[in-house]
Each structure stands twice: as structure tokens, then as C-alpha cells.
Amino acid sequence: MTSATYRQASIHPDMEALADRDPGNELLWRADRRRLDAESLRDALLAVSGDLDPRLGGPSFKAPIDGEALEGLSMKGGAYQPSPPEECRRRSLYMFTKRGLIVPLMTTFDQCDTTVPTGKRDVSIVAPQALSLLNNGWVRGEADACAGLVLATASEAGPRVDDAWRRVLGRLPSAEEKEAALSHVMTQMAGDVARERLAWASLCQVLFNTNEFLSID
Amino acid sequence: MPSPRPILRPAFPCGLSRREAIWEMGAGFAGLALSALLERDGFFARHAAGATPAANPLAPRAPHQAVPVKSVIFLLMNGAPSHIDTFDPKPTLDKYAGQSIPAEMKFINSGGRAMGKLTPACRPFKACGQSGIPISDFFPKMREHADKMAVIRSCHTDTHAHGSALVQMNTGKPLIGRPSLGSWVVYGLGTENQDMPGYVVLLDKRGGPIGGQPNWSSGFMPASFQGTLFRPVGNPILDLAVPADLGRDGQRRQLDLLAALNDEHMRSRPGGTELAARAASYELAYRMQAEAPAAVDLGEETAATLEAYGVHQEPTAEFGRNCLIARRLVERGVRFVQLYSGGGHLEETWDAHESVEKNHGRHAGETDQPIAALLTDLEQRGLLDSTLVVWGGEFGRMPFSEGEGKPGRNHNPYGFSMWMAGGGVKGGTIYGATDELGFAAVENRVHVHDIHATILALLGLDHTRLTYFHQGRDDRLTDVYGRVISEIMA
């Protein structure tokens with residue numbers, strides 16, 4: 001992991017020319033772009049929203065599972081008791097895994113079968129992933145938490161957009177991006193000040209859905 | 001120019017198996033001969049059939065052999081109906097009623113339950129249709145479709161416990177972790193309607209099958225092939241509902257902003273096909289949010305149809321609704337639909353330990369009319385030839401009662417019945433037989449692997465060629481087993 005090759009980014013200043021000579025990146029002239037795996041994605045969502053509990057060690061926690069998802073069990077809701085909410089913000093590393101019932105958000109993002117060793121996980125690209133990141137209650141909750149932090153940082157819209165980009169994507173927005181973001185928040189608010197938090201949560205959620213957030217470049 | 005490689009690559013150090021390496025070395029005449037040998041061996045076909053394009057793993061693909069069947073509806077009678085009381089009449093039981101099962105018949109007594117005496121079927125059979133297939137009194141309406149059915153009476157499986165047997169009926173082995181039948185089917189054929197999941201599972205309201213998610217799992221295959229649970233009312237798929245506080249317009253604006261941001265990101269990253277694919281998946285998700293609820297909305301169905309399926313009466317309302325949804329899904333190009341009759345445990349399923357009369361009376365009452373209506377409806381709409389319908393449970397039941405004087409039956413994995421109807425099936429046939437007591441399959445025995453091989457064959461898929469490279473070998477639904485029962489194929 002300390003080699004120069006491993007530490008490359010997935011974009012290269014000489015991208016076009018090199019892509020022509022070795023399109024499959026067989027010679028590793030750049031890093032292969034990777035999508036966040038299920039555990040990293042969950043951790044990232046918690047981290048950028050200020051919710052991640054970094055405590056090390058100790059017993060596992062049982063992540064909450066939607067009632068809808070429990071309907072597949074023969075005992076339905078009776079089969080699964082989630083841990084208290086304050087336990088559930090720890091890293092996914094500490095998540096309890098029941099082999100017959102894996103947290104849907106995790107399988108959606110290709111968490112593998114837990115009963116066999118898996119040398120290489122799939123990286124699928126399917127609509128249910130989009131649906132999860134757009135509609136799932138927990139994901140929206142994190143977007144709301146992120147919005148809360150953004151709103152607290154500044155009182156002007158411009159700096160707030162900068163803050164959202166900085167938190168979620170680790171950089172400042174370009175001029176076009178900033179304009180689009182401001183327009184988005186305005187439209188989602190629809191002139192109703194009570195919808196302010198919702199509008200900023202909507203922006204944060206869009207950032208969660210970007211390829212940039214989901215990939216390791 | 002890099003040479004073409006199969007998309008699903010074995011994890012060999014140089015990226016090539018020994019066979020491929022030799023092929024690619026192009027060793028002149030010897031190379032040609034080898035290629036021909038490998039071609040005859042089906043080597044290339046194995047690596048091509050089922051190859052998953054990275055952009056869309058569910059794009060429709062042609063089967064190995066062209067057939068009329070496009071979809072499967074698997075009616076799973078969860079809990080295991082008694083074959084002796086449904087599709088396998090045993091007049092000998094009348095003769096030996098009240099006697100003990102012969103000592104030579106060895107078996108596992110599931111749950112260590114009490115053993116009673118040999119007990120005849122609780123309801124009479126009648127020869128039905130022109131073919132004269134005997135069907136129990138439990139299914140007065142299904143009887144009318146006898147000439148469509150190929151009844152297999154010699155089924156057997158490897159385990160006597162529900163959890164493992166359900167998993168075996170669904171995945172081929174009693175251990176969890178393997179892809180389910182529906183996953184293999186969409187892996188091999190993709191699906192016709194890209195705006196809907198290709199593999200849909202409708203559970204019984206009372207609960208899922210024992211074992212849960214592994215029954216519709218994609219196992220070691222990519223998650224895109226797993227079954228999607230459809231709830232029959234309202235928003236059928238998990239996380240499908242557009243959040244109420246945003247509404248469809250609010251979400252559309254999110255998607256538009258997302259597309260703009262992704263576009264910019266992609267511009268500096270040429271060749272990122274997976275980036276484009278992910279962007280496309282958002283548009284599909286947006287469409288699915290509209291299309292999927294429409295599939296379960298029965299508003300456009302006629303009153304006559306709703307009545308035929310028993311949607312507005314008890315006890316057929318729930319299963320009637322599910323059968324009607326199954327027809328609508330198949331109409332919309334969904335590849336594999338699985339319906340569960342019975343959910344949870346014991347009496348909530350076909351698991352008739354207490355009383356076959358009461359238990360099957362209840363569950364047959366829920367399912368007989370809807371299944372008959374489904375067959376009629378498929379036929380009338382010209383869908384029957386392109387749809388394969390499969391009926392059955394995870395095992396059968398014993399010829400002796402459970403305890404003296406108790407009219408229930410314990411589990412029996414050694415012999416049970418299933419039937420198939422629809423495209424490619426030779427209707428009005430009976431295949432295989434159990435012994436005269438209905439204890440074990442003895443003639444033309446059909447293992448679950450054989451059922452699976454046959455279902456795949458009816459879909460035009462050769463079960464020996466539909467493989468997925470996993471843990472160093474070309475694995476398949478039927479592992480190294482499975483025999484296609486051509487006798488029930490038209």
C-alpha cells in the first residue's frame with residue numbers, strides 16, 4: 001500500500017493519450033476507480049453527517065431494519081430486535097450480521113453472502129441502489145443531519161453551499177455547481193421558510209447520490 | 001488491441017485459464033484442432049451464455065434453444081401439501097388402514113413426532129378431463145384444468161425440515177448461499193421489461209417461508225439477479241415510495257441536479273462506462289416508481305375478472321389478488337414470478353400435522369379458485385403458451401397419521417407430487433409413481449435437481465451449459481446432477 005502505483009489517483013493529467021494506448025488499464029498507469037463498498041458507504045454517510053460514533057471495540061450492534069423488509073421472515077418483526085439508536089451509529093465493521101437476514105441497504109450495495117469466503121465482491125449497478133439512496137428513510141435522515149450542520153455553519157446561502165460541498169465531497173463547488181445548487185435549494189423551498197431544512201437536506205441528499213461521492217477516485 | 005475476453009473472468013493469475021491461454025497462443029494447426037474440440041465441448045458456449053454485460057445485467061438474452069415459453073409462475077405451496085390427499089391417490093391405503101407402516105420402510109421421523117397407523121386420503125379423488133388424471137376433492141376448480149397438467153408423482157428431496165427443504169426447492173441444495181431458480185433464470189435470459197424487476201416474489205400475508213431471504217437470493221451471483229419482494233398493495237417494492245414531503249416533482253428536481261453534477265464529473269473521466277450506467281440506473285429507478293405500482297393496481301381489471309379470481313370474497317381474496325398480479329406481471333414482461341401459499345409456521349401453512357382435512361381444507365379453499373382462474377385467464381389472453389406454471393411444495397407427507405387417532409401427517413421427503421402446465425408442457429400426463437402406500441418415489445424418480453433441469457429446459461436453457469464461474473469451477477443450478485424429464489415436454 002505504500003507503493004507509488006497503489007497511491008495513484010484514478011484520473012491522470014495525460015488521460016486521453018494513455019487511455020488510447022492502454023484502455024483496459026492493464027499496466028496500471030492510473031488507479032482503477034472503485035465504488036464504495038456497502039460498509040464504507042454507510043460509514044461515509046454517517047461521517048459526513050456528523051453522526052459517526054468512532055468508538056473502537058466492544059459488542060456488535062444490530063442495525064434497524066424497516067418493517068417492510070422484515071415481512072420476508074416467517075416470524076416477521078418478531079425475529080429481529082434492533083439495538084438502541086445510540087448504538088447504531090458505529091462503524092459498519094461492528095454490525096451484527098444474521099446470515100438469513102442481512103440489512104437491505106447492505107445487500108443492495110453488494111455486501112456479500114456471509115456464509116462463504118468471498119475474495120472479490122461484485123459491484124453491481126442496479127435501480128434498487130438508486131431507490132435506496134433516494135427514498136430510504138435512514139439515508140434521508142442522514143441527509144437531514146448533514147443539512148442541520150450546513151445550516152448551522154453559515155447564514156448565507158453561498159457559504160452554505162460551499163460548506164455542503166466541503167463536507168460531502170471534500171472540495172469547493174465550481175461556479176456552475178454553486179449556481180445549480182442555489183437554484184435547487186430555492187426551488188425546493190418554494191418560497192416557504194418552513195421548508196428550508198427540507199430544501200438543504202434535498203441538496204445534501206443529491207450530493208450523497210453523486211458518482212463522485214460513491215466512488216474512490 | 002487487447003484480445004476479447006469473456007466478461008466473467010476466472011481469477012487465474014494471468015487472467016486466463018489454461019484452455020484459454022492455449023487457444024490464444026494460436027498454435028497453428030494444433031490450435032485449430034483444439035479450438036474445434038473445445039467448441040464441440042461447449043467450452044465457448046459456456047463462457048458466452050449468461051455473460052453479463054456490465055451496463056445492463058438484465059438485458060434480455062436468447063436461450064440456448066428457441067422455445068415459446070417466456071415467463072415462469074411458480075406457485076409454491078409452503079408447508080408441504082400431502083400428495084396422498086391431493087394428486088397421488090393410494091387405494092391400497094384403504095386396504096391397510098389402521099395397520100402400522102411396514103418395519104422395512106426406514107425414514108427420519110421429523111421432529112420425533114408420534115407415529116400413528118396407515119390412514120387413507122381424507123377426501124375422494126375423481127378422474128378429471130379427457131386424460132382422466134385423478135385430482136382430489138380439495139380442488140374442484142383446478143380439476144377442470146387436468147388436461148393442461150403434467151403431474152409428477154415421483155418427486156423426492158434430501159431433507160425433511162422446512163427451512164432446508166424450502167431452500168432446496170428454491171436453490172437446489174439444502175444449504176443457504178446458492179442462487180435461487182429465479183436468479184438462474186434471469187441470469188440466463190435477462191428480462192423483457194427493463195422498467196420492472198425481472199424476478200418477483202409475492203409472499204403470503206401471514207409471513208415469509210422459514211429461512212427467509214435465502215429462498216430468493218442471488219447467492220454468489222451479482223445482486224442484480226436476486227428476487228424482489230413485491231407487497232401486493234400500495235408501493236410494492238422496498239424504498240419505492242417517493243418521499244411524501246418531496247413529491248414526484250421534488251424528486252425530479254433532485255434527479256436533474258444529480259444528472260448535471262454527474263455529467264461534469266464524467267467529463268474529466270473518459271471511459272467510465274460504469275459512471276454512465278449508474279447515472280442511467282437513476283432514470284430507471286424513477287420510471288420503476290411509476291411502473292411497479294401500476295402493475296399491482298387492479299383498477300383496470302373487469303368485474304368479471306376480479307370475480308373469477310375471487311378477489312372480493314373470502315377466503316380467496318389474498319391469493320386471488322396475488323394470482324391476478326402474477327398474470328399482470330407476466331403480461332408486463334416479468335421473467336419469473338413466485339407466489340407463496342401459506343406463510344409463517346404450522347397451520348398458517350400447508351404443514352398439516354394436526355388434521356389434513358382442516359389444514360388442506362383451509363389452504364385449498366384459499367387457492368383452488370384463484371389458480372384455476374389464473375390458468376383460464378392465461379389461456380384466454382393467449383399467454384398460456386408463453387408461460388410455464390409450476391405447482392408444488394417442499395416435500396410430501398407420510399401415509400400414516402401423526403399419532404393414533406390424530407388425522408394429521410408428518411413430513412415426507414421420500415415421495416411427493418408436483419405439477420406443471422403451460423408452454424412446452426405435455427398436458428394430461430402423469431409421470432412417475434410412489435410405492436403402493438405412497439411412502440417413497442419408486443418409479444421414474446424425480447429429484448429436485450431434475451425438476452430444475454426440466455424447468456430450465458422448458459425455458460430453452462440447457463442446465464449443463466448455464467454456468468457461473470465460482471470458487472474455481474463452472475457452477476450451475478443443478479451442480480453435477482439433474483436430468484431433463486423430456487417425457488412431460490410436448
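Keep in mind that this is a model prediction, so the values were computed, not measured.

## Some thoughts on the overall build of chain A
Reasoning step 1: When helices and strands are counted, chain A shows 10 helices and two strands.
Reasoning step 2: Element order for chain A, N to C, with α for helix and β for strand: α-β-α-α-α-α-α-α-α-α-α-β.
Reasoning step 3: When the backbone C-alpha atoms are referred to their principal axes, chain A occupies close to 55 × 55 × 35 Å.
Reasoning step 4: A total of 217 residues make up chain A; the buried ones form 36% of that total.
Reasoning step 5: For chain A, restricting intrachain contacts to residue pairs at least 6 apart in sequence, the fraction spanning at least 24 positions comes to 54%.

## Some thoughts on the pairing of strand β1 (residues 71–77) of chain B
Residue and element names in this part refer to chain B.
Reasoning step 1: In terms of burial, β1 is largely enclosed, as seven of its seven residues are buried.
Reasoning step 2: The alternating pattern of β1 places Ser71, Ile73, Leu75 and Met77 and Val72, Phe74 and Leu76 on opposite faces, both of which are buried.
Reasoning step 3: As judged from the six bridges shared by β1 and strand β8 (residues 387–392), these two strands associate in the parallel manner. Of the residues in β8, the one forming a bridge with Leu76 is Gly392.
Reasoning step 4: Note: β1 against strand β7 (residues 336–341), six bridges, orientation parallel.

## Some remarks on the interface of chain B and chain A
Reasoning step 1: Opposite the 56 residues of chain B that make contact, chain A presents 53 residues.
Reasoning step 2: Sorting the residues of the side of chain B that touches chain A by element identifies α7 (247–267) and α8 (273–295) of chain B as the ones contributing at least two each.
Reasoning step 3: For the side of chain B that touches chain A, the element with the highest residue contribution is α7(B), accounting for 11 residues.
Reasoning step 4: In terms of residue class, the side of chain B that touches chain A is built from 28 nonpolar, 20 polar and eight charged.

## A word on helix α9 (residues 196–209) of chain A
Residue and element names in this part refer to chain A.
Reasoning step 1: Taking 1.5 Å per residue as the helical rise, α9 with its 14 residues ought to reach 20 Å, and the 20 Å between its terminal C-alpha atoms agrees with that figure.
Reasoning step 2: For α9, the buried fraction is high: 12 of the 14 residues fall into the buried class.
Reasoning step 3: What α9 keeps buried is the set Leu198, Ala199, Trp200, Ala201, Ser202, Leu203, Cys204, Gln205, Val206, Leu207, Phe208 and Asn209.

## Structural notes on the confidence of the model for chain B
Reasoning step 1: Model confidence for chain B is summarised by a mean pLDDT of 88, while 88% of its residues fall at 70 or above.
Reasoning step 2: Throughout residues 1–15 of chain B the model reports pLDDT below 50, and contacts reaching past four residues in sequence, or to other chains, amount to 16 contacts.

## As for helix α5 (residues 127–135) of chain A
Reasoning step 1: For α5(A), the tally of buried residues reaches nine of nine residues, placing the bulk of the element in the interior.
Reasoning step 2: If you check which residues of α5(A) are buried, you get A:Ala127, A:Pro128, A:Gln129, A:Ala130, A:Leu131, A:Ser132, A:Leu133, A:Leu134 and A:Asn135.
Reasoning step 3: Packing partners of the buried residues in α5(A) comprise α4 (104–108), α6 (137–153) and α9 of chain A together with α7 and α8 of chain B.

## Quick notes on unusual backbone geometry
Reasoning step 1: Each neighbour pair has its own omega, and for B:Glu314 with B:Pro315 the value is 0°, a cis peptide bond.
Reasoning step 2: As for its placement among the helices and strands, B:Pro315 is situated in the loop between α9 (303–309) and α10 (317–331).
Reasoning step 3: For A:Ala190, which is not glycine, the phi torsion reads 50° and is therefore positive.
Reasoning step 4: Positionally, A:Ala190 belongs in the loop between α8 (175–189) and α9.

## So, the confidence of the model for chain A
Reasoning step 1: A residue-level look at chain A finds 99% of positions with pLDDT of 70 or above and a mean pLDDT of 89.
Reasoning step 2: For chain A, per-element mean pLDDT is lowest for helix α3 (residues 67–70) of chain A, which scores 72, and highest for α9(A), which scores 97.

## Considering the packing of α6(A) against α9(A)
Any two packed helices are characterised by the angle at which their axes cross and by the distance between the axes.
Residues and elements named next belong to chain A.
Reasoning step 1: α9 packs onto α6 with a crossing angle of 115° between their chain directions and a minimal axis gap of 8 Å. Taken together, the axes of α6 and α9 lie roughly perpendicular to each other. You can see that α6 and α9 cross each other, and the crossing is right-handed. Contact residues: Val139, Arg140, Ala143, Asp144, Cys146, Ala147, Val150 and Leu151 in α6; Arg197, Trp200, Ala201, Cys204, Gln205 and Phe208 in α9.
Reasoning step 2: Looking at the contact of α6 with α9 residue by residue, the classes come out as 10 nonpolar, one polar and three charged.

Cut-off values and rules
- Along each chain, numbering runs from 1 in the same order as the chain's sequence is written.
- Here the convention is simple: chains get letters from A, ligands get numbers from 1, in the order in which they are written.
- At least 70 in pLDDT is required for a residue's local features to be given in this predicted model, at least 80 for side-chain atom pairs to be given and counted, and no such filter applies to totals for whole chains, interfaces and linings, which use all residues.
- Secondary structure elements are defined from DSSP: runs of H or I of at least 4 residues count as helices, runs of E of at least 2 residues count as strands, and each element is numbered from the N terminus.
- With C-beta atoms placed from the backbone, the exposure class of a residue follows from how many other C-beta atoms lie within 10 Å of its own: 20 or more, buried; 12 or fewer, exposed; in between, partly exposed.
- Whether two residues are in contact is decided by their C-beta atoms, placed from the backbone, lying within 7 Å.
- Strands qualify as paired when DSSP identifies two bridges or more between them.
- Throughout, the ten residues Ala, Val, Leu, Ile, Met, Phe, Trp, Tyr, Cys and Pro are labelled nonpolar, Asp, Glu, Lys and Arg are labelled charged, and all others, Gly among them, are labelled polar.
- What a helix is expected to span follows from its residue count: subtract one and scale by 1.5 Å.
- Per residue, pLDDT captures the predictor's confidence, and it can take any value from 0 to 100.
- Only the stretch in contact is used when fitting a helix axis, every axis being a line fitted to C-alpha atoms; angles between N-to-C directions are given from 0 to 180 degrees.
- Should an angle lie under 35 degrees it is considered roughly parallel, over 145 roughly antiparallel, and from 65 to 115 roughly perpendicular; all remaining angles are considered oblique.
- In this scheme the crossing of two helices becomes right-handed for a clockwise turn of the near helix relative to the far one and left-handed for an anticlockwise turn of less than a right angle.

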